[in-house]
Amino acid sequence: MTLQDFRLETRAWLEENCPPGARGPGEVYNGSTKIRIQDPDTRLWVERMVEKGWTVPNWPKEYGGGGLSTAEYVVLMEEMRRIRARPALSGFGTSMIGPTLLEFGTQDQKLRHLPRIAGAQVEWCQGYSEPGAGSDLASLQTQAVLEGDSYIINGSKIWTSGAHNADWMFILVRTDRQAPKHEGISFLLLPMDQPGVTVKPIRLLSGDSPFNQTFFDNAVAAREDLVGELNRGWTVGKRLLQHERSGMESLVAGGANERDVALTDVAKSLLGETDGRIADPVQRDQVTSYQMDMASLRLTQRRVVEESQDGATPGPATSIFKVVSTDLQKVHSDLLTRLHGSRGFGVDEGQFTAAEIAMTKQFFFSRAASIYSGSNEIQRNIIAKRVLGLPD
Ligand SMILES: Cc1cc2nc3c(=O)[nH]c(=O)nc-3n(C[C@H](O)[C@H](O)[C@H](O)COP(=O)(O)OP(=O)(O)OC[C@H]3O[C@@H](n4cnc5c(N)ncnc54)[C@H](O)[C@@H]3O)c2cc1C
């Protein structure tokens, strides 16, 4: 089939199968067995995309994917964006552990874990950071000892986003205390619902509790769920971070597009319009500059996807995407709150609407984005050393 035929076929399928409620901003499911999908259209969309293999379009069909080539994947993204279709599935499974298992997993691990991710039957969480190991992740102390056919895990992880809803965790553990710190780490998979795992929410000032501290008290991971070699988990863990930082998910999701349209509309409604443009020239300039930077980022991400032969995530250069996209996220939330003037920074439920309070939360969360998956200072170190080759 030519690419043009594929485009026409895809367009027709999406028109017919993407329900109205799955277009534009809204609920995106992550696969957790502990979360109920609220919107019937979202549920239908998940079911149809699972059947088609398009929850993970470029994964091989044998693992539940769509088996699309990179070029076809790009076409699918374009066609989804054309009708403002949301991704059917988005989470730690599709964006992080799935691609990592495709590279490092055994055939048995792939067959056991990947179809459940593709099939929206499981959500994962990330057990990396510890109270004494954040930026210096290789100092982690949570320990795993092999006993018979199981690894017995003791210690704790912190800031585990979504651990309370996750079914499985991928975790970095210390398996050799004598080796240099990067060489005594292993990468394991373990089920969350077991007596040795306790998840304690960390409540934020806002009252929300998106992340947790997770404690392991003789928790068990099966021997066959060691990913990569024993004591060589640092290589696997680093690669997973590159998938996380690549921004490929957001490229597919089209979230930034929605965000950009909304920003222009908000500016027009608050400041007025002249000839279809934002009336205030200073604000117009700032909104337009942001949108040009965002468009450059998206085009660069697109180029990288198209240039890669097999759709593989690039290496250390993904740190550039992470820095630029999270800096732009801050610019966006700064602009949005500024446009709203005195209504732009509301926290008090009595005085501000739910939408205004959500905007304030988004402002604060945009700060968090430059910390998670490795702070932007650490990304700049990686860019200096691994991309530009500057001396240590
Ligand atoms: C919203 C959110 C979600 C998260 N979700 C998860 C999750 O699901 N799983 C998980 O494992 N972790 C998660 N994290 C944790 C995150 O990975 C860490 O917060 C991050 O790696 C920084 O570590 P730290 O908080 O210990 O800060 P520290 O390492 O103590 O750093 C403090 C400050 O010092 C700077 N700094 C440290 N070392 C250097 C250096 N060498 N050069 C320059 N500057 C330096 C840092 O940039 C930072 O500004 C999440 C964090 C956030 C904010």
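Please refer to the structure higher up on the page.
Structural notes, computed from the coordinates. (Residues numbered from 1 in each chain as written. Predicted model: local features only at pLDDT ≥ 70, side-chain atom pairs only at ≥ 80, totals over all residues.)

### Description of the overall build of the protein chain
Item 1. When its secondary structure is counted, the protein chain shows twelve helices and ten strands.
Item 2. Over its C-alpha atoms the protein chain spans a radius of gyration of 22 Å, differing by no more than 12% from the 21 Å that the globule rule assigns to 392 residues.
Item 3. Judged by the C-alpha coordinates and their principal axes, the protein chain covers about 75 × 50 × 45 Å.
Item 4. Out of the 392 residues in the protein chain, the part that is buried amounts to 36%.
Item 5. Long-range contacts, defined here as pairs at least 24 residues apart, represent 69% of the contacts in the protein chain between residues at least 6 apart. (Helix = DSSP H or I, 4+ residues; strand = E, 2+ residues; numbered from the N terminus. Rg over C-alpha atoms; globule rule 2.2 N^0.38 Å. Buried ≥ 20, exposed ≤ 12 C-beta atoms within 10 Å, placed from the backbone. Contact = placed C-beta atoms within 7 Å.)

### Quick word on the pairing of strand β4 (residues 168–174)
Item 1. Of all seven residues that make up β4, seven are buried, and the element is covered over most of its length.
Item 2. Of the two faces of β4, both are covered, the one formed by Trp-168, Phe-170, Leu-172 and Arg-174 as well as the one formed by Met-169, Ile-171 and Val-173.
Item 3. Bridging between strand β1 (residues 124–127) and β4 involves four bridges; their strand directions are parallel. Along β4, the bridge assignment pairs Cys-125 with Met-169.
Item 4. Sheet topology note: the β4/strand β5 (residues 185–191) ladder contains seven bridges and is antiparallel. (Pairing = 2+ DSSP bridges.)

### As for unusual backbone geometry
Item 1. If you check the backbone angles, Ala-120 has positive phi at about 55 degrees while not being a glycine.
Item 2. For Ala-120, the position within the fold is in the loop between α5 (107–118) and β1.
Item 3. On the basis of neighbour count, Ala-120 is assigned to the buried category, with 25 C-beta atoms found within 10 Å.

These figures come from the coordinates and say nothing about function on their own.
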